[in-house]
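The lines below spell out each chain.
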2 protein chains.
Amino acid sequence: MGIANLAFDRKSCGSCPIRHRAVCARCNDEELAELETMKTYRSYEAGQPVAWAGDPLEFVASVVVGVATLSQTMEDGRTQMVGLLLPSDFLGRPGRDRVAFDVTAVTDLTLCCFRRKPFEEFMARTPHVSQRLLEMTLDELDAAREWMLILGRKTAREKIASMISIIARREAAMQKKAATDGFGFELPLTREAMANYLGLTLETVSRQISALRRDGVIALEGNRRVHIPSFEALLHETGDDSDGGMPA
Amino acid sequence: MGIANLAFDRKSCGSCPIRHRAVCARCNDEELAELETMKTYRSYEAGQPVAWAGDPLEFVASVVVGVATLSQTMEDGRTQMVGLLLPSDFLGRPGRDRVAFDVTAVTDLTLCCFRRKPFEEFMARTPHVSQRLLEMTLDELDAAREWMLILGRKTAREKIASMISIIARREAAMQKKAATDGFGFELPLTREAMANYLGLTLETVSRQISALRRDGVIALEGNRRVHIPSFEALLHETGDDSDGGMPA
DNA sequence: CGATATTTTGATCACCGTCAAAAACCGTGG
DNA sequence: CCACGGTTTTTGACGGTGATCAAAATATCG
């Protein structure tokens, strides 16, 4: 399995696909030039670990291409995903030198890594970077809190519908399309990863996806590709406020 | 039911009980003086709402005394708590004028409120404040992620044990004691609020608390006061790593 | 095409939710 | 101090949702 070939210039931040959404979104040319001195790209194959909880991590990073997960595992093997990192999301925590959670590449993954110390110093004297990181962290906290409602209170069917709707919206946003009826996209997760995302078993995930397909809420092309005939119908299945209003 | 009498000088930040832990922790005297021009205290009785999801909120605030919750409610009444705000925790989000979640005082509560606009301007030109807020937000995100493991993967008994251990630790930290064997404290939540915290019903909460009492893991004095004869035994019941090591 | 991983489907069971009622607790006032 | 009403908590009986164990079917990749 090969590593995705990257269609951007690794030297210059100007051509970076996440240039205007990542932690460096508001940097000027001079600041980018400084960042370029401390950055390196790293790539991981789908399924490979990036770091284990408790490991020292000598870098922080932005996801450039691909999808990574944060997860926790209990002694007896029960696993819960606690974060889903898509392109432009930030990995690592300034001021802490160890990872708190297991980090795994679930698709082929490219990270733009900054050496920790220089980056922290850069942040300290570049307030708009830490302000941008604050914004991103607050967004992640809001997302985590929506996720908590899903984990704590929704039925298996509602969980699946919610996950599909969340991924569809993010996917549409990434392509700068609206998530209109008929929208189709690829699920970046295996059934097992979905189960770990939703606090279910993979069997239950499979059953509920089949049920939603039987009921015409979604259509499948192969195992990974999903079409949404009617977003309204899908939203109805999530159990959320009917008027399409996003809770957060 | 009366509002708690406050044993601190409402004018001067110097005597504030959360002075060195809140968002203003690293402010100097001059900065505090400026904050004092934009702050007001507000008090709420136990059980009263502070704000509803979607409401415009003209202030951000620090919790000074008491406990508040953030929660989401579905159309059919299912409720999930998604945040527990203790003294020094921050409420509200700079750059957003509406609350994303229902905010409720669960004990008598005192907030130190800052008018939004002046506070945002203050933050923009005082980098260490937004850096402090970033730190606090990252801590909250870590806590939310531990909470997600509890919601998604733990059994009812493990959930109760985890909640008791979390509250015990925070309570001990607040009193600057270690959480030693025999430690006793007050649960600031009703059984129903605990159920909303843990994604359970209040009946299940009650049954599991009774079971832990029967098994000698906890001792109760009345309904709210808890004693922990052995922290190791309690930790064992949480399902977390046995070696007392905190997961995050 | 064959080997391995992933997904689906089936049968059974346990945990926790639901509905219902009793008990304990709490503040108020006689 | 005790009687009273309302709230909170406990306990009980039962059923359903999702977990578990098992095996078949499908997809993926060498």
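Residues numbered from 1 in each chain as written. Chains lettered and ligands numbered in written order. Predicted model: local features only at pLDDT ≥ 70, side-chain atom pairs only at ≥ 80, totals over all residues. Heavy atoms only, no water.

## Thoughts on the overall build of chain A
Looking only at helices and strands, chain A has seven helices and 11 strands in total. What you see for chain A is a C-alpha radius of gyration of 19 Å, in line with the 18 Å of a compact globule of 248 residues. When its C-alpha atoms are laid out on the principal axes, chain A stretches across 55 × 45 × 35 Å. In chain A, buried positions account for 54% of the 248 residues. A separation threshold of at least 6 residues defines the contact pool for chain A, and within that pool the share at least 24 residues apart is 73%. Accessible area of chain A: about 10,900 Å², with a carbon and sulfur share of 50%. Between the centroid of the 31 positive side chains of chain A and the centroid of its 35 negative side chains there is a distance of 1 Å. (Helix = DSSP H or I, 4+ residues; strand = E, 2+ residues; numbered from the N terminus. Rg over C-alpha atoms; globule rule 2.2 N^0.38 Å. Buried < 20%, exposed > 50% of the residue type's maximum accessible area, 1.4 Å probe, protein only. Contact = heavy atoms within 4.5 Å. Areas by Shrake-Rupley, 256 points an atom, 1.4 Å probe, with all protein chains shown as cover. Lys, Arg positive; Asp, Glu negative; His and termini not counted. Charge placed at Lys NZ, Arg CZ, Asp CG, Glu CD.)

## Quick look at the protein's contact with DNA strand D
Taken together, 19 residues lie near DNA strand D, and Ala156(A), Thr204(A), Arg191(B), Ser206(B) and Arg207(B) sit nearest. The sugar and phosphate moieties of DNA strand D supply 64% of its atoms located within 4 Å of the protein. Between a phosphate oxygen of DNA strand D and a side-chain N or O atom of Thr201(A), the distance comes to 3.1 Å. Within the side chain of Ser210(B), an N or O atom sits 2.9 Å from a phosphate oxygen of DNA strand D. Among the elements of the structure, helix H6 (202–214) of chain A together with helix H6 (202–214) of chain B are those that each provide at least two residues to the surface near DNA strand D. (Near = heavy atom within 4 Å. Polar contact = N/O pair within 3.5 Å; in protein donor to acceptor, adjacent residues only side chain to side chain.)

## Examining the domain arrangement of chain A
All names here are of chain A. Once the domains are mapped, chain A shows domain 1 (13–147) and domain 2 (155–238). Taking the mean C-alpha position of each, domain 1 and domain 2 sit 26 Å from one another. Contacts between domain 1 and domain 2 engage 13 residues on the former and nine residues on the latter. The three residues of domain 1 that bury the most area against domain 2 are Met81, Leu84 and Leu86, which together make up 40% of that side's buried surface. Where domain 1 packs against domain 2, one counts one salt bridge. Aspartate 89 is the salt-bridge partner of arginine 170, the closest N and O atoms lying 3.9 Å from each other. (Domains from an automatic or database assignment. Buried area = accessible area lost by both parts, 1.4 Å probe. Salt bridge = Lys/Arg side-chain N within 4 Å of Asp/Glu carboxyl O.)

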